[in-house]
Amino acid sequence: MNRTTLSLIAGTTALAAVTGFAALSAPDAPGTDTAAKAAAQLPVERTSLLCPAPSTSDLAETSYTSFTPVTKGTGSGGKAELRAATEESAAAPADGKDEGEGKDDGKSGEDKPAKPVLTPKEPGKPVTGDSSGGDAPALVGTAGGRFAPGWTVQETTEVAAGTGRGLQGVNCTAPDTDFWFPGASTDADRTDYVHLTNPDDSAAVVDIELYGKDGALKSAVGEGITVPPHSSEPVLLSTLTDERQTNLTVHVNVRSGRVGAAVQALDDKLGGDWLAASADPSGSLVLPGLPKDATSVRLVAFTPADADADLKVRLASPSGLITPAGHETVHVKGGMTTAVDLGDVTRGEAGSLVLTPTDRSVPVVAALRVVRGKGDKQETAFIPASRPVGTRATSADNSGKDSTLSLTAPDAAATVKVTASAGSEGGTPVSKTYTIKAGTTQDIEPPVPGGLKGTYALTVEPVSGGPVYGARTLAASEGGVPAFTVQTLPDDRGTVAVPEADEDLSVLQK
């Protein structure tokens, strides 16, 4: 497919992600007062996303896809931009002109913001770009106005050979201050990095904590890591500890500032992929989108609580909830990482793992390491516990083939609308409605835009029923290796709740 080639080497300066986030409200719960129910859901006006440096391999081929769904209630202004993250970056607002534009102060061009490497033209139509080799930097971006609600960027990398060969994919994420990554490793065959990207004007200070099967690993160098402004730091996990552990939980805690964080897990024999952060610690978790042809599935779980967690393990299959034989429950000791090999648990059918407490609820984080293929033709991907789709979720970088959309309704039946956007180079949007039965996972053949040219995005919107969880799998054949990557589809946080005032308080200002 044709894509606009990104000149990432020219991106010697970057955009500072100047954001004004408002918290997204949770769904109304029983007992919610009238004032909260009266809150209006309005489109966000500004957001930011951070993309980690894709690879150090000279054989890497990376594609980026940026997409914003069409959202009612937005104006006609705004823009979205992705720029290279470098320490010398200068800020440029997402909804205005670059600072210093048109000025000639006699300084070198390095003092001015670099041109964006990816700029969408309109909501509802993806824009794509490529980079080659191991010099592609991390990207920092902001979106304002009509481009902000639901802005999604996908980074997909193909590595032909070497450690981590195969298909690696990650959704670029918003900056935050707390991340959990169960499923990392310092094993001899693994090379795992935590990528930390700071979008702001001041340095961020980060602690990286490692938890193995016996508890916390000693690491003095994991404390107080400084990430300079407008920069990205890859931290090799094996440099933080002398212990070799097959299964680790990584906790990234930001003391000051905020960062984007993701773990790149590279295996000498089993390929590699990005491990995205797990959903926040919770008593119940859903890990959606297990490929039906998975040959090996490993569950890695951790509780930060002092108490142990006992979890019921069930597989949401196309026919309903199933308890895997021999793995009915899992016991997770407080402060210790637990790993359970589930084998070929899907047995040729689509599935999602559902974890619920057997007794009292103890907060847990979890992820799955999934392997496809056999022998020396194996490839790995990771599925973290995910938040539900909520109001809307989007996956970018679909090509009309080798894309699988997996939807799970663990509690009650649900109806969802799936919209295929226009293609990046042409095509007409198409929508279809699907019903997911209670307790099941359905792999659906996603709709394809009419007259598709280029890549397109899929947007999932629940219409009725219970909560829905989703994941999208991209697959490719690399020399007989079943390369693949899985991205979960949590709510895109495209709206914020704005409560209505109970009374006119303007008289108090007189």
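It should be noted that the structure appears before, not after, this text.
Below you will find a few notes about this structure.

1. Details of the state of the cysteines
Okay, so step 1: With the rule as written, the count across this model stands at one disulfide.
Okay, so step 2: Disulfide pairing places cysteine 51 opposite cysteine 172 at an S-S distance of 2.0 Å. Residues cysteine 51 and cysteine 172 are joined by a disulfide whose S-S torsion is about 110 degrees; by sign, that bridge is right-handed. Residue cysteine 51 is found in strand E3 (residues 46–51), and its partner cysteine 172 is found in the loop between strand E9 (166–171) and strand E10 (178–184); the two are separated by 121 residues along the sequence. The pair formed by cysteine 51 and cysteine 172 is uniform in burial state, with each residue classed as buried.

2. Structural notes on the pattern of salt bridges
Pairing of side chains with opposite charge becomes possible as their charged atoms draw close.
Okay, so step 1: Under the criterion given, the structure shown has 11 salt bridges.
Okay, so step 2: Close ionic contact of arginine 83 with glutamate 81 constitutes a salt bridge, the shortest N to O distance being 2.8 Å.
Okay, so step 3: Residue glutamate 81 is classed as buried on the basis of its relative accessible area of 6%.
Okay, so step 4: Between lysine 213 and aspartate 214 there is a salt bridge, with its nearest N and O atoms 3.1 Å apart.

3. Topic: the environment of serine 399
Okay, so step 1: When you line up the elements, serine 399 lands in the loop between strand E28 (393–398) and strand E29 (403–409).
Okay, so step 2: Along the primary structure serine 399 and leucine 452 are separated by 53 residues, whereas in three dimensions their C-alpha atoms are 8.7 Å apart.

4. Description of the nonpolar core
Okay, so step 1: If you look at the biggest cluster of nonpolar residues, it comprises 30 residues, and the most contacted ones within it are Leu287, Leu353, Leu355 and Leu368.
Okay, so step 2: Counting residues per element, this core draws most heavily on strand E21 (residues 309–317), which supplies four residues.
Okay, so step 3: Non-local contacts of leucine 353, meaning those with residues more than four positions away in its chain, are made with Leu285, Val286, Leu287, Leu290, Leu299, Val313, Arg314, Leu315, Leu342 and Leu368.
Okay, so step 4: Among the nonpolar cores identified, the runner-up in size contains 26 residues, and Phe179, Ile225, Leu248 and Val259 belong to it.

5. Re unusual backbone geometry
Okay, so step 1: Of note, histidine 230 is a non-glycine position whose phi angle comes to about 50 degrees, a positive value.
Okay, so step 2: Along the chain, the position of histidine 230 falls in the loop between strand E14 (225–227) and strand E15 (231–236).
Okay, so step 3: Look at arginine 347: it is not a glycine, yet its phi comes out positive at around 50 degrees.
Okay, so step 4: Within the secondary structure, arginine 347 sits in the loop between strand E24 (338–343) and strand E25 (351–357).

6. Thoughts on the pairing of strand E18 (residues 271–275)
Okay, so step 1: Among the five residues that make up E18, five are buried, leaving the element largely enclosed by the rest of the structure.
Okay, so step 2: The loop that links strand E17 (residues 260–267) with its antiparallel partner E18 comprises three residues.

7. Details of the sheet that holds strand E11 (residues 190–198)
Strand pairing in a sheet relies on backbone hydrogen bonds, with the paired strands running either antiparallel or parallel.
Okay, so step 1: Ordered by their spatial adjacency, four strands build an open sheet running E15-E11-E17-E18, and the pairing between neighbours is antiparallel. Edge strands, defined here as strands with exactly one partner in the open sheet, are E15 and E18. Going from strand to strand, the sheet's axes swing by 20 degrees on average, the running direction of each strand aside.
Okay, so step 2: Pairing geometry for E17 and E18, over five bridges, is antiparallel.

8. So, the sheet that holds strand E27 (residues 377–384)
Okay, so step 1: Strand order across the open sheet formed by four strands is E24-E20-E26-E27, with antiparallel pairing between neighbours. On the outer flanks of this sheet lie E24 and E27, each paired with one strand and no other. Put simply, the sheet's adjacent strands are angled 20 degrees from each other on average, direction ignored.
Okay, so step 2: As defined by bridge partners, strand E20 (residues 296–302) adjoins strand E26 (residues 365–374) across seven bridges and the pair is classed as antiparallel. Among the inter-strand pairings, phenylalanine 302 is bridged to a residue of E26, identified as valine 365.

Rules used in this analysis
- Residues numbered from 1 in each chain as written.
- Predicted model: local features only at pLDDT ≥ 70, side-chain atom pairs only at ≥ 80, totals over all residues.
- Heavy atoms only, no water.
- Disulfide = S-S within 2.5 Å.
- Helix = DSSP H or I, 4+ residues; strand = E, 2+ residues; numbered from the N terminus.
- Buried < 20%, exposed > 50% of the residue type's maximum accessible area, 1.4 Å probe, protein only.
- Salt bridge = Lys/Arg side-chain N within 4 Å of Asp/Glu carboxyl O.
- Core = buried A, V, L, I, M, F, W, Y, C linked by side-chain atoms within 4.5 Å.
- Contact = heavy atoms within 4.5 Å.
- Pairing = 2+ DSSP bridges.
- Axes fitted to C-alpha atoms, helices over the stretch in contact; angles between N-to-C directions.

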